[in-house]
Amino acid sequence: MSVFALRSKSPFRRIGRRRSAIFGVLLVLAVGATACLPGVVDVPTSGQSYGKGPLDAIRDAADRTTSTGPYSQCGLTSVELAVMMMVPTYFEAGGPVPSPMALSRWDNMSVSASNATLFAFGQTTGPYVNAFFSPGIGLWQFDSAGGWDLTAADAIDAVTSSNAAASTIAYRFCNAPDSRRGTPELRRSYAWGPWFGCSAGASSVCESRYQQLVTEGKINSGQDATVDRSGGMSSRTCTVAGLGTNLPCWYVNPANAQGSRGWTSGTYDPTRPNYVTPLPKPFYVLRANGREYRIWLAADTGYDIGITASKPVTTNARTSLVWERSAALCDLTTMRGVCGATSPVGFLDSVEESGSNRVRVRGWAFDRDTQTPLALSVSVGSAAQNITTQISRADVAAVIPGAPGNSGFDVTINATPGTQNICVTALDVGGPGVNTNLGCRSVLVSGVPLAFIDGTQIRPGAIDVWGWGFLPGDASASIALYVDGQVAGRVSRTVARPDVLAVFSGAELVTGFSGTATSYGGSHTVCVGLNALPAMTVGCRQVTLSGGSPTGFLDSVTRTSGGIAVNGWAIDPDTAASVDIHVYVNGVNTLASASGSRPDVGAAMPGYGNNHGFAVTVPARGNSSDVCVYGINVGVGVHVLLGCRKV
């Protein structure tokens with residue numbers, strides 16, 4: 001077990017980053033334990049205080065843990081264990097009177113990017129940030145990452161949380177390693193190790209608090225009778241659609257928290273990833289089917305939707321939360337919430353462009369009042385069209401009780417070019433529920449691309465193209481030059497074309513372009529497109545480039561002290577760029593480039609430039625050598641022998 005350590009200045013930490021088969025199991029309640037509860041001094045002198053309800057729960061858990069079971073034989077007294085249990089709560093839940101309802105506030109992005117999943121729908125900004133799934137809960141800030149079999153209600157209830165704390169601390173005290181058994185102080189430091197507020201350099205502070213709270217074999221603390229075992233949490237009875245009726249549930253409202261309230265201070269600021277996380281709005285907690293559910297009613301949050309988050313109880317919330325845009329809960333105790341027919345639930349998974357004037361919309365939705373496909377309204381700006389759920393979503397049915405198998409939707413619909421706000425609403429069935437907004441997404445919708453080639457000009461290895469083009473809805477679209485159906489170049493639109501704007505209302509002023517596409521000899525079809533879409537052009541152009549096999553001449557071959565000097569020139573009609581040559585001496589090949597300056601060649605072959613000469617020295621042995629030079633073909637044609645000499 002280890003602590004999920006956060007910012008050092010925070011007084012509110014959470015225990016338990018890894019699951020432990022020993023630490024995560026609550027101490028089994030012993031039947032018939034008769035030892036006396038740890039005593040409390042009549043007139044405390046420590047200056048410290050504690051809630052009476054939590055203190056009674058701690059005393060009871062400490063008594064049972066030290067009286068029977070595996071920790072009753074290691075010399076640990078009930079008073080020692082009770083005070084050891086009290087100490088970390090001052091630094092985890094905050095003093096001067098630790099609150100059983102304390103909710104962790106430092107699970108921010110500076111600690112881990114995975115904390116984003118604790119926010120409703122994984123959104124760290126927006127209207128629902130206070131539907132926050134606090135992972136650390138209660139006096140000991142038991143964190144969901146520790147594998148504890150505790151819901152938020154269990155961690156707040158001082159009785160169930162005391163059992164877990166007593167088991168953990170007693171185990172560590174009684175099973176401290178040899179290096180930590182020399183003194184009771186060392187044992188206590190080891191026992192407090194999982195709690196950030198008492199770990200490492202903070203252990204001396206916790207030892208000092210321990211000494212304050214023990215005197216003459218009793219607990220030296222005042223008692224605050226206004227703090228009970230539930231810390232302000234209310235027990236209720238709830239009905240939740242898909243889970244059952246008359247279920248035990250609890251209402252957690254930070255405004256009703258008993259004890260010290262320092263943990264409620266600080267306002268979440270999404271621009272400060274190292275500051276406090278949101279203080280949750282009031283929520284309900286219940287356990288069903290092995291899962292913990294936290295449910296936020298719109299009546300408590302003021303949001304336009306209800307929100308539900310759930311996960312298997314013993315799993316890490318950061319990796320297992322499922323969020324729903326509904327709160328199908330009826331508080332039967334107060335008749336609050338959805339106490340009649342339910343509203344639809346669901347989620348808009350994604351919206352993405354799907355070709356010209358089209359968008360693809362995907363997600364899921366269902367209404368617990370029916371098992372038939374659900375009608376949805378998809379709005380695109382001011383226009384709307386209806387669709388229905390129609391595809392299987394086994395993933396939804398696996399984690400949301402009551403979800404039908406055909407709750408998914410995946411449709412492609414028409415949309416006007418430009419940046420569009422796409423929203424999906426699930427239409428209520430049966431009443432008196434309300435329609436549910438499944439979410440909105442913004443997407444850039446492209447229209448049908450239009451382009452025209454005004455002219456082309458050919459030169460060796462290249463085609464110069466100019467014209468205009470635009471993609472309705474996307475002013476940043478670039479021009480793609482296609483040769484025989486393949487992209488051969490990309491250019492930006494940089495030329496103002498008022499003539500185009502005057503004819504096409506969807507065009508921008510700057511739609512003109514000029515660019516170059518690389519190509520080789522032969523007949524080719526040249527077209528233009530916008531971004532990755534083929535253009536609806538008025539007409540492509542057919543062009544023919546010169547091409548063929550290389551040509552050139554082996555001017556001279558002479559023997560030198562370094563080998564054999566070979567001079568000449570080579571050019572390929574398919575490109576103005578320099579080409580490679582291969583020099584063979586007695587069958588041994590040397591690669592070289594015909595890239596040297598030859599103004600005479602450039603003058604004789606306009607358009608190809610001067611850089612086509614070669615002058616290379618190659619090694620040679622013996623008194624006689626056969627030297628041959630080949631021009632290496634580019635594009636159309638074959639490699640060509642430029643000449644041979646015997647030296």
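Read on for a plain summary of the structure.

Quick notes on the rules
- Residues numbered from 1 in each chain as written.
- Predicted model: local features only at pLDDT ≥ 70, side-chain atom pairs only at ≥ 80, totals over all residues.
- Heavy atoms only, no water.
- Helix = DSSP H or I, 4+ residues; strand = E, 2+ residues; numbered from the N terminus.
- Rg over C-alpha atoms; globule rule 2.2 N^0.38 Å.
- Buried < 20%, exposed > 50% of the residue type's maximum accessible area, 1.4 Å probe, protein only.
- Contact = heavy atoms within 4.5 Å.
- Areas by Shrake-Rupley, 256 points an atom, 1.4 Å probe, with all protein chains shown as cover.
- Lys, Arg positive; Asp, Glu negative; His and termini not counted.
- Charge placed at Lys NZ, Arg CZ, Asp CG, Glu CD.
- Disulfide = S-S within 2.5 Å.
- Salt bridge = Lys/Arg side-chain N within 4 Å of Asp/Glu carboxyl O.

**Side note on the overall build of the protein**
For step 1, the next point in the chain: When its secondary structure is counted, the protein shows 11 helices and 41 strands.
For step 2, the next point in the chain: Computed over its C-alpha atoms, the radius of gyration of the protein comes to 39 Å, more than 25% above the 26 Å expected for a compact globule of 647 residues.
For step 3, the next point in the chain: Relative to its full complement of 647 residues, the protein shows a buried share of 52%.
For step 4, the next point in the chain: By sequence separation, contacts in the protein at least 24 residues apart represent 65% of the contacts at least 6 residues apart.
For step 5, the next point in the chain: For the protein, the computed accessible surface area is about 26100 Å², with 53% contributed by carbon and sulfur atoms.
For step 6, the next point in the chain: Taking the average place of the 46 positive charges on the side chains of the protein and the average place of its 43 negative ones, the gap between the two points comes to 5 Å.

**Quick word on the state of the cysteines**
For step 1, the next point in the chain: Under the defined criterion, the tally for this structure stands at 7 disulfides.
For step 2, the next point in the chain: The partner cysteine of Cys 423 in its disulfide is Cys 440, sulfur to sulfur 2.0 Å. Around the S-S axis, the bridge from Cys 423 to Cys 440 shows a dihedral of about 110 degrees and counts as right-handed. You can see Cys 423 sitting in strand E22 (residues 418-426) and its partner Cys 440 sitting in strand E23 (residues 436-445), a full 17 residues away along the chain.
For step 3, the next point in the chain: When its relative accessible area of 14% is taken as the criterion, Cys 423 is described as buried.
For step 4, the next point in the chain: By relative accessible area, which is 33% here, Cys 440 ends up partly exposed.

**As for the pattern of salt bridges**
For step 1, the next point in the chain: For the coordinates displayed, the defined rule picks out 25 salt bridges.
For step 2, the next point in the chain: Arg 236 is paired through a salt bridge with Asp 331; the nearest N and O atoms lie 2.5 Å apart. Of this pair, Arg 236 sits in strand E9 (residues 234-240) while Asp 331 sits in strand E15 (residues 329-331), placing them 95 residues apart in sequence. Here the two residues Arg 236 and Asp 331 agree in accessibility, since each one is buried.
For step 3, the next point in the chain: For Arg 493, the salt bridge goes to Glu 508, with nearest N and O atoms at 2.8 Å. Separated by 15 residues along the polypeptide, Arg 493 in the loop between strand E27 (486-491) and strand E28 (495-496) and Glu 508 in the loop between helix H10 (498-503) and strand E29 (510-518) bring together distant segments of the chain. Taken as a pair, Arg 493 and Glu 508 share a single burial class, namely buried.
For step 4, the next point in the chain: The network of salt bridges with common partners includes Glu 352, Arg 360, Arg 362 and Asp 410.

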